[in-house]
Amino acid sequence: MQSVAADALPAGAAGQFDPNPALLRVRDLRRDYALPRTRLLAPRPHLTALAGVSFDLHAGRSLGVVGESGSGKSTLARLVMALDAPSSGSVQLLGRDLHRLPAAELRAARRDFQMVFQDPYGSLDPRQRVETIVTEPLQALAGATRAELRERAAEVLAQVGLRPGDAHKYPHEFSGGQRQRIAIARALITRPRLIVADEPVSALDVSVQAQVLNLLAELQERLGLSFLLISHDLAVVQHLCDEVLVLYQGQVVERGAPQTLFSSPLHPYTRALVAAVPRIDDFMA
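First, a word on scope: everything that follows refers to the structure included in this document. Only a predicted model underlies this, so the values are computations on that prediction, with no experimental measurement involved. (Residues numbered from 1 in each chain as written. Predicted model: local features only at pLDDT ≥ 70, side-chain atom pairs only at ≥ 80, totals over all residues. Heavy atoms only, no water.)

A tally of helices and strands in the chain yields 10 helices and 11 strands. By the compact-globule yardstick of 19 Å for 285 residues, the chain fits well, its C-alpha radius of gyration being 20 Å. Referenced to the eigenvectors of the C-alpha coordinate spread, the extents of the chain come out at roughly 55 × 55 × 50 Å. Going through the 285 residues of the chain one by one, you find that 46% of them count as buried. Residue pairs in contact within the chain that sit at least 24 positions apart in sequence constitute 69% of those at least 6 positions apart. Counting every atom, the chain has about 14,700 Å² of accessible surface; 52% of that belongs to carbon and sulfur. Across the chain, the 31 positively charged side chains and the 30 negatively charged ones have centroids separated by 6 Å. (Helix = DSSP H or I, 4+ residues; strand = E, 2+ residues; numbered from the N terminus. Rg over C-alpha atoms; globule rule 2.2 N^0.38 Å. Buried < 20%, exposed > 50% of the residue type's maximum accessible area, 1.4 Å probe, protein only. Contact = heavy atoms within 4.5 Å. Areas by Shrake-Rupley, 256 points an atom, 1.4 Å probe, with all protein chains shown as cover. Lys, Arg positive; Asp, Glu negative; His and termini not counted. Charge placed at Lys NZ, Arg CZ, Asp CG, Glu CD.)

Right, dumping it as structure tokens:
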């Protein structure tokens, strides 16, 4: 795949039969935030965090979203997770517009998409045992018995490389990498189709980042997961993703396969991101 500028992307034809429908389809997504007035009678200013973002993500694939702080990456993650409402546009998962679903249907739909947060310390309740933490999304959906919850907790803990006995421990008894494995186990508990990972390794030591990334890649292959990976680290995206979107001031300025996009970037902003990556030669000069 060749990297291309965002305005060169094919829009698709309305009503045309798609033999390979996307798992996740984002169309013209926009999010404006109202800012405080600068003067009492002045019109209220607005900040545009996303300005017409569109993309498709197919089953079993990984899409990386890169950009500097303030580019709109985390806003996009929140909108895809239906944790915030868009000003306009749509987020469709398995053909359902998440932001148009009634509350009860959205709650049920969350079985199909879960999130892994950046901070493996702040995202886990220190007062709860691991079994309670990882089964929380399943409990929210209701219908599971205590025995089923215990069985599913043991299953997902094994999938992320933890032991059954770890279910009875508290988060403070684990290292940072192990805590992120617990967070991944929590995301797996509902057997989702899509996982949104917002900077999933940026808070970890470099020595364990590769272990967590390899785990995500193994889970994708074994379970057929799709990932939407939000990151500022180009190496992380290149390791895990099949395709990359480059966000700049809330807009997609370039997209393509990571090998092509990072070796031959077309947009000036992408070239600046690639040039900013530290290289060993920079320290040897």
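Okay, unusual backbone geometry next. Positive phi values are uncommon outside glycine, yet Ala82 reaches one of about 60°. Take Ala82: it is sitting in the loop between helix H1 (73–80) and strand E5 (88–93). One non-glycine residue, Arg191, lies in the positive phi region at around 55°. In this fold, Arg191 is placed in the loop between helix H5 (176–188) and strand E8 (194–198).

Further remarks concern the packing of aromatic side chains. Evaluated as defined, the whole model comprises 1 aromatic pair. When the centroid spacing of 4.4 Å and the interplanar angle of 35° are considered together, the rings of Tyr248 and Tyr269 count as tilted. You can see Tyr248 sitting in strand E10 (residues 243–248) and its partner Tyr269 sitting in helix H9 (residues 268–275), a full 21 residues away along the chain. Tyr248 gets classed as partly exposed once you look at its relative accessible area, which sits at 29%. The buried category is assigned to Tyr269, whose relative accessible area is 10%. Lying over the aromatic face of Tyr33, Arg31 brings its terminal NZ or CZ to 4.2 Å of the ring centre. (Phe/Tyr/Trp six-rings, centres within 6.5 Å; stacked < 30°, edge-to-face > 60°. Lys NZ or Arg CZ within 6 Å of the ring centre and 35° of its normal.)

Membership of the largest hydrophobic core comes to 47 residues, with the highest contact counts inside it found for Ile182, Ile184 and Leu188. Broken down by element, the residue count for this core peaks at 6 residues, all from H5. If we skip the residues at most four places from it in the chain, Ile184 touches Val116, Val160, Val212, Leu215, Leu216 and Leu219. Of all hydrophobic cores here, the second largest spans 31 residues; its members include Leu50, Leu79, Met115 and Leu194. (Core = buried A, V, L, I, M, F, W, Y, C linked by side-chain atoms within 4.5 Å.)

Turning next to the pattern of salt bridges. Tallied over the entire structure, the rule returns 14 salt bridges. A salt bridge links Arg96 to Asp112, with the shortest nitrogen-to-oxygen separation between them at 2.8 Å. One end of the pair, Arg96, is in strand E6 (residues 96–97); the other, Asp112, is in the loop between helix H2 (103–109) and strand E7 (113–116), and 16 residues separate them in sequence. According to the relative accessible area criterion, Arg96 is partly exposed, its value standing at 27%. Residue classification places Asp112 among the buried residues on the basis of a relative accessible area of 18%. Salt bridges linked by common partners bring Arg25, Arg27 and Asp56 together as one network. (Salt bridge = Lys/Arg side-chain N within 4 Å of Asp/Glu carboxyl O.)

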